[in-house]
Amino acid sequence: MLVPKEEFLAVDEQIIPTKCRHELKQYNPAKPHKWGYKNQVLSGVSGFSYDFDIFAGDQSNSYPSDAPDLGVSSNVVTRLTSTVPQHQNYKICFDNWFNSPNLQVYLYKKGLLPLGTVRLNRVPNSNMPSEKELKKRGRGSMAEKVAVIDKVKLSLVSWFDNKNVNLLLAYVGSEPTTTKRRYVRQDKEYVYIPSPQAVDVYNQHMGGVDLLDSMLGYYRIHLRSRQWYKRIFFHMVDMTLVNAWLLWRRINADSYMPLYDFKLAVSEHLRKAGKAVMTKKRGRPSSIVGTPTSSRGGTPSRIPESPVPAKKTRKTPARHQDLPLASVRTDGIGHFPIWKKNARQICQNCSKFRSFTLCEKCNVYLCYNDKRNCYKEFHEE
């Protein structure tokens, strides 16, 4: 099933971070990770990635069969927008590396509404005022020129803030203008300057790929390997998990789960659902003797040579028990009871009584005696 696209879409570059020696590695000083593989992404305002295209040199310069050759940069937009429904009021935003008048005309005739910054050397006979002239007029000054190319009306807007900004678009112009608050260092006060409508629309809907990069950077899969393709593979895994989390938030609008907890839930489901408990631990045995610590307790700074046993108290506080996922709890595989003679915790089903019975797979205590059978109720659907 195809995921319905958002009204405002953005095409932008992202960097898959790596410093391995490979011919596809690129350098982009404007990105948070400057070295890595270049990946062009079609994203929504929410950060959901609908399509992507990894740059692979000259062989990446392709375009759809029904589209003309608009150049290396503009062909990226024609490829990524080939799956966007036509004549349904979808807006496409991109920066000045992709934009050109021919691209604007092509997208508009396909029923897509383009908007983006532009380099003036790509717009012939523009005759727009220079940055020096706009700076003399003052902060917030703007200029607009309209032209018809192949029966498509295009608007070229120049606006001066801290520096000159040029936009080329086919469905919105400078009117109606709004105001923006800016701080003037010389006068040490805030002033309000006029702002064209095109700048507001562009700023509101262009940051989808940047938002995706920020979510990927929170809990990225870190891997040190000399095999270059593994970095791309795990980047795609991270993008898939972020997309799945954003879809979950669309469906469950009334509830919220952090991205970190969502990734843990997916990993728990893949490791345990429908599988028996692995009794043998994989990997090298640990050299530290003692009880392993979780992320809640932190990592001990040193191991005492002669640990002193803790004093026994009459009432031991209940240990925090993480409940398993519903898909793990009800899969009916590997849920064997274990009798803990010297340990007793609150039952996670009735939350009233303490029990010695521990589920080997779920790792929670449950009542299992002649009066109550919380063990069976807990694992039923």
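Conventions and cut-offs
Residues numbered from 1 in each chain as written. Predicted model: local features only at pLDDT ≥ 70, side-chain atom pairs only at ≥ 80, totals over all residues. Heavy atoms only, no water. Helix = DSSP H or I, 4+ residues; strand = E, 2+ residues; numbered from the N terminus. Buried < 20%, exposed > 50% of the residue type's maximum accessible area, 1.4 Å probe, protein only. Contact = heavy atoms within 4.5 Å. Expected span 1.5 Å × (residues − 1). Phe/Tyr/Trp six-rings, centres within 6.5 Å; stacked < 30°, edge-to-face > 60°. Lys NZ or Arg CZ within 6 Å of the ring centre and 35° of its normal.

With an unreviewed UniProt entry as reference, the protein chain is termed (African queen) hypothetical protein, source organism Danaus chrysippus.

**Q** Please explain the overall build of the protein chain as it appears in this structure.
**A** Broken down by element type, the protein chain carries nine helices and 15 strands. Counting over 381 residues, the protein chain shows a buried share of 40%. Look at the contacts in the protein chain between residues 6 or more apart in sequence, and 53% of them connect residues 24 or more apart.

**Q** Is there a simple way to explain helix H2 (residues 101-109) in this structure?
**A** Think of an α-helix as 3.6 residues a turn; residues three or four steps apart then line up on the same face. Of all the residues in H2, the buried ones are Pro 101, Leu 103, Gln 104, Val 105, Tyr 106 and Leu 107. Check the buried side of H2 and you find it contacts helix H1 (72-80), strand S5 (90-94), strand S6 (112-117), strand S7 (142-149), strand S8 (152-160) and strand S9 (164-169). Two residues or fewer after H2 comes Gly 111, characterised by a positive phi angle close to 90°.

**Q** Would you mind showing me how to read helix H6 (residues 228-251) here?
**A** Helix length check: H6 (24 residues) gives 36 Å between terminal C-alpha atoms against 34 Å at 1.5 Å per residue, within 8%. By the burial criterion, the buried members of H6 are Arg 231, Ile 232, His 235, Met 236, Asp 238, Met 239, Leu 241, Val 242, Asn 243, Trp 245 and Leu 246.

**Q** It is not clear to me how the packing of aromatic side chains should be interpreted in this structure. Could you clarify?
**A** Centre distance and the angle of the planes are the two values used to describe a pair of aromatic rings. In the structure shown here, the tally under the stated rule is 11 aromatic pairs. Look at Trp 97 and Phe 98: their rings are 5.0 Å apart centre to centre, the planes differ by 90°, and that puts the pair in the edge-to-face class. Taking the relative accessible area as the measure of exposure, Trp 97 reaches 25% and is therefore partly exposed. Under the relative-accessibility criterion, Phe 98 is labelled buried at 0%. Arranged with centres 6.1 Å apart and planes meeting at 50°, the rings of Tyr 218 and Tyr 219 form a pair that is tilted. Look at Tyr 219 and you get partly exposed, because its relative accessible area is 35%. Three or more aromatic residues link up through ring pairs in this structure, and these residues are Tyr 37, Trp 228 and Tyr 229. If you follow Arg 250 out to its NZ or CZ, it ends over the ring of Phe 48, 5.3 Å from the centre.

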